[in-house]
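# Observations on chain architecture
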Amino acid sequence: MPPCLCLPATHSLPSSNLLISTRHRFRLPKPPNASSQISLNSPLSNQTSPPQPKTTGVIVIGGGLAGLAAATRLQADNVPFLLLEASDAVGGRVRSDVVDGYILDRGFQIFITGYPEARKILDYDALDLRKFYSGAQVYYGGRFNTVADPLRHFSDSLQSLTNPIGTVVDKLLIGLTRLKVLTQGDDEILNAEEVTTIDLLKKIGFSDAILDRFFRPFFGGIFFDRELETTSRLFNFIFKCLALGDNTLPAKGIAAIPEQLAAKLPSNSILLNSPVVSVDSESNSSSRIRVKLLNGEILESEFGIIVAVEEPEAVKLLAGKMAGEKTAEVRQPVRSTVCLYFSADQDKVPVRDPVLLLNGTDKGIINNMFFATNVAPSYAPAGKALVSVSLVGLYGDVADEDLVDQVVKELSGWFGQSVVGSWSYLRMYRIGFAQPNQCPPTNLTKNPKIKPGLYICGDYVTSATFDGALVSGKKAAEALLQDRALVTV
């Protein structure tokens with residue numbers, strides 16, 4: 001895990017007359033002379049003379065899942081806030097593009113309905129979630145072999161007992177591992193003794209066959225870490241969530257998740273195309289923190305700042321800004337991925353099931369792929385199909401054209417050149433920072449407070465999952481609320 005970015009300050013509490021009942025929600029006073037939000041319809045000034053900073057209650061920097069979760073928690077207590085997003089839409093890494101009628105998620109992303117925090121904050125019905133098959137098809141020995149969830153596809157699992165993707169004992173061990181994680185609480189899992197995932201699986205007794213042919217491509221595709229050096233805490237948490245829920249895609253693309261959160265916030269509380277270049281914790285007012293935007297505009301927070309950008313940006317933004325304090329460096333290597341999309345005619349789709357296809361061999365560069373329109377037909381125009389292919393790593397030394405050629409050649413070995421040759425290349429996404437490095441030792445329950453008035457959140461603060469981002473945003477907002485409630489007015 002990256003060295004802890006959290007540098008909590010110690011301070012004495014006020015006298016006993018400020019005790020607050022935990023059974024009642026507290027309300028923070030609005031900052032003097034401040035509206036509850038800063039209107040999006042009022043463009044930020046470019047005056048040459050130093051303007052008076054605009055003021056709001058809380059400033060949230062970053063409109064990804066963590067920032068949106070923080071804003072949602074603030075709104076629940078009627079706390080005024082402004083969310084600043086550098087790009088042209090909310091979502092952070094959870095974005096989708098529409099290209100020629102195809103919905104292209106930015107990278108391989110699957111939403112697991114078993115995430116506990118997501119269940120609380122999201123409306124699953126409104127997302128119109130489409131389910132994957134509970135298992136996978138593993139390419140090995142020149143053919144695809146089924147690995148099925150026995151509780152959801154019992155007959156398939158019986159038929160797969162003797163296939164080459166592991167032994168019968170391996171498949172029994174999967175069931176025992178499932179039972180074990182289901183008996184453990186989430187906090188227990190995230191704070192348990194840890195080893196690498198590969199060491200945990202070997203200790204349980206899994207054979208090399210199932211490790212190499214199933215676990216490496218399946219969880220390697222989740223962690224973007226085919227060596228499975230990621231902490232066993234994260235493996236156990238995701239394994240539990242998979243047991244409790246389904247792998248899904250929203251019908252309108254993965255971006256529907258952050259868009260749903262944003263739609264529940266006041267329309268004038270989100271400011272897009274507003275990159276922050278600095279956070280000033282040494283302003284004239286000791287109780288306020290200022291942020292400076294790329295266009296020179298200064299915004300001031302009455303109650304605090306929540307930094308909800310991804311880890312590399314957080315390190316840049318906060319480095320050297322706190323007197324006497326240092327932020328952590330980003331732990332290397334970060335997790336990277338490449339995702340390629342192809343379009344196809346429906347009659348050129350060789351697999352009809354909504355299933356994830358894994359590379360169970362030790363050859364080639366493809367880790368996993370699936371036909372997105374088998375899961376959600378809305379991902380492509382009528383009569384067309386969308387193919388999604390994922391690689392682990394960035395392949396930065398390979399030109400796009402050469403990488404496409406390698407992938408097409410490899411897919412042709414799986415499905416035949418006459419099929420793959422009819423597909424059309426659409427787009428490639430190279431994602432340098434797909435996830436933080438969460439190899440042991442880790443701390444998946446970090447304190448979000450850097451100092452009073454300054455807080456961080458994101459998947460690097462908790463677990464590198466959708467749920468970790470949502471939890472971290474909520475906890476950062478709650479830490480801010482608690483701190484401000486203890487300040488003498």
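Residues numbered from 1 in each chain as written. Predicted model: local features only at pLDDT ≥ 70, side-chain atom pairs only at ≥ 80, totals over all residues. Heavy atoms only, no water.

- Looking at an unreviewed UniProt entry, one finds the chain named Phytoene dehydrogenase, chloroplastic/chromoplastic, with Nicotiana sylvestris as its source organism.
- Turning to the chain, the UniProt record has this under Cofactor (unreviewed entry): "FAD". (UniProt positions renumbered as here; feature names shortened; annotations may be inferred.)

## Side note on the overall build of the chain
- Counting secondary structure elements, the chain contains 15 helices and 20 strands.
- Here the chain holds 489 residues, and the buried ones make up 57% of them.
- For the chain, the share of sequence-separated contacts (at least 6 apart) that also reach a separation of at least 24 residues comes to 74%. (Helix = DSSP H or I, 4+ residues; strand = E, 2+ residues; numbered from the N terminus. Buried < 20%, exposed > 50% of the residue type's maximum accessible area, 1.4 Å probe, protein only. Contact = heavy atoms within 4.5 Å.)

## Focus on the nonpolar core
- In this structure, Phe-214, Phe-215, Phe-219 and Ile-306 are the most contacted members of the largest nonpolar core, which totals 96 residues.
- Sort the elements by how many residues they give to this core and helix 15 (residues 466–485) lands first, with eight residues.
- Structurally, this core is a two-domain feature, drawing no fewer than three residues from each of domain 1 (54–89 + 254–323 + 439–488) and domain 2 (96–252 + 335–435).
- By size, the runner-up hydrophobic cluster in this structure holds 31 residues, among which are Tyr-139, Ala-148, Val-351 and Phe-415. (Core = buried A, V, L, I, M, F, W, Y, C linked by side-chain atoms within 4.5 Å. Domains from an automatic or database assignment.)

## What to know about empty space enclosed by the protein
- Within this structure, the stated rule accounts for two cavities of 30 Å³ or more.
- Surrounding the largest cavity, Asp-105, Gly-107, Phe-108, Gln-109, Leu-249, Tyr-341, Phe-370, Ala-372, Tyr-379 and Ser-388 form its lining.
- Considered class by class, the residues forming the lining of the largest cavity number six nonpolar, three polar and one charged.
- Roughly 30 Å³ of volume is contained in the second largest cavity.
- In this structure, the second largest cavity is lined by Lys-446, Pro-448, Val-461, Thr-462, Ser-472 and Lys-475.
- Partitioned by chemical class, the residues of the lining of the second largest cavity number two nonpolar, two polar and two charged. (1 Å grid on protein atoms, 1.4 Å probe; cavity = no way out; pocket = protein on both sides within 12 Å on 5 of 7 lines; lining within 4 Å. Points joined across faces, edges and corners; volume = space filled by probe spheres on them. Nonpolar A, V, L, I, M, F, W, Y, C, P; charged D, E, K, R; others polar.)

## Points about the pairing of strand 3 (residues 96–99)
- Summarising the sheet, strand 3 and strand 4 (residues 102–105) pair through four bridges and their orientation is antiparallel. In the sheet register, Val-99 faces strand 4, and the bridge partner there is Tyr-102.
- What sits between the antiparallel neighbours strand 3 and strand 4 is a turn of two residues, in which Asp-100 has the positive phi angle 55 degrees. (Pairing = 2+ DSSP bridges.)

## What to know about the layout of surface pockets
- In this structure, the second largest pocket occupies an estimated 720 Å³ of space.
- The greatest single-element share of the lining of the second largest pocket, amounting to six residues, is contributed by helix 5 (residues 168–182).

## Notes on the packing of helix 1 (residues 65–76) against helix 15
- Where helix 1 contacts helix 15, the two axes come as close as 7 Å, and the packing angle between them is 40 degrees. By the angle between their directions, the pair helix 1 and helix 15 is classed as oblique. By crossing handedness, the relation of helix 1 to helix 15 is classed as right-handed. Contacts between helix 1 and helix 15 pair Leu-65, Ala-66, Ala-69, Ala-70, Arg-73 and Leu-74 from the former with Phe-466, Ala-469, Leu-470, Ser-472, Gly-473, Lys-474, Ala-477, Glu-478 and Leu-481 from the latter.
- Grouping the amino acids of the contact of helix 1 with helix 15 by side-chain chemistry returns ten nonpolar, two polar and three charged. (Axes fitted to C-alpha atoms, helices over the stretch in contact; angles between N-to-C directions. Parallel < 35°, antiparallel > 145°, perpendicular 65-115°, else oblique. Left-handed = near helix turned anticlockwise from the far one by under 90°.)

## Some points on the environment of Thr-337
- Mapped onto the elements of the fold, Thr-337 is located in strand 14 (residues 335–345).
- Looking at Thr-337, the relative accessible area reads 1%, which means it is buried.
- Put simply, Thr-337 and Leu-394 are 57 residues apart on the chain and 5.2 Å apart in space, counted from C-alpha to C-alpha.
- For Thr-337, the residues in contact, after removing those within four places along its chain, are Phe-224, Leu-391, Gly-393, Leu-394, Tyr-429, Arg-430, Ile-431 and Ala-434.
- At 2.6 Å, the side chain of Thr-337 forms a polar contact with the backbone oxygen of Leu-391. (Polar contact = N/O pair within 3.5 Å; in protein donor to acceptor, adjacent residues only side chain to side chain.)

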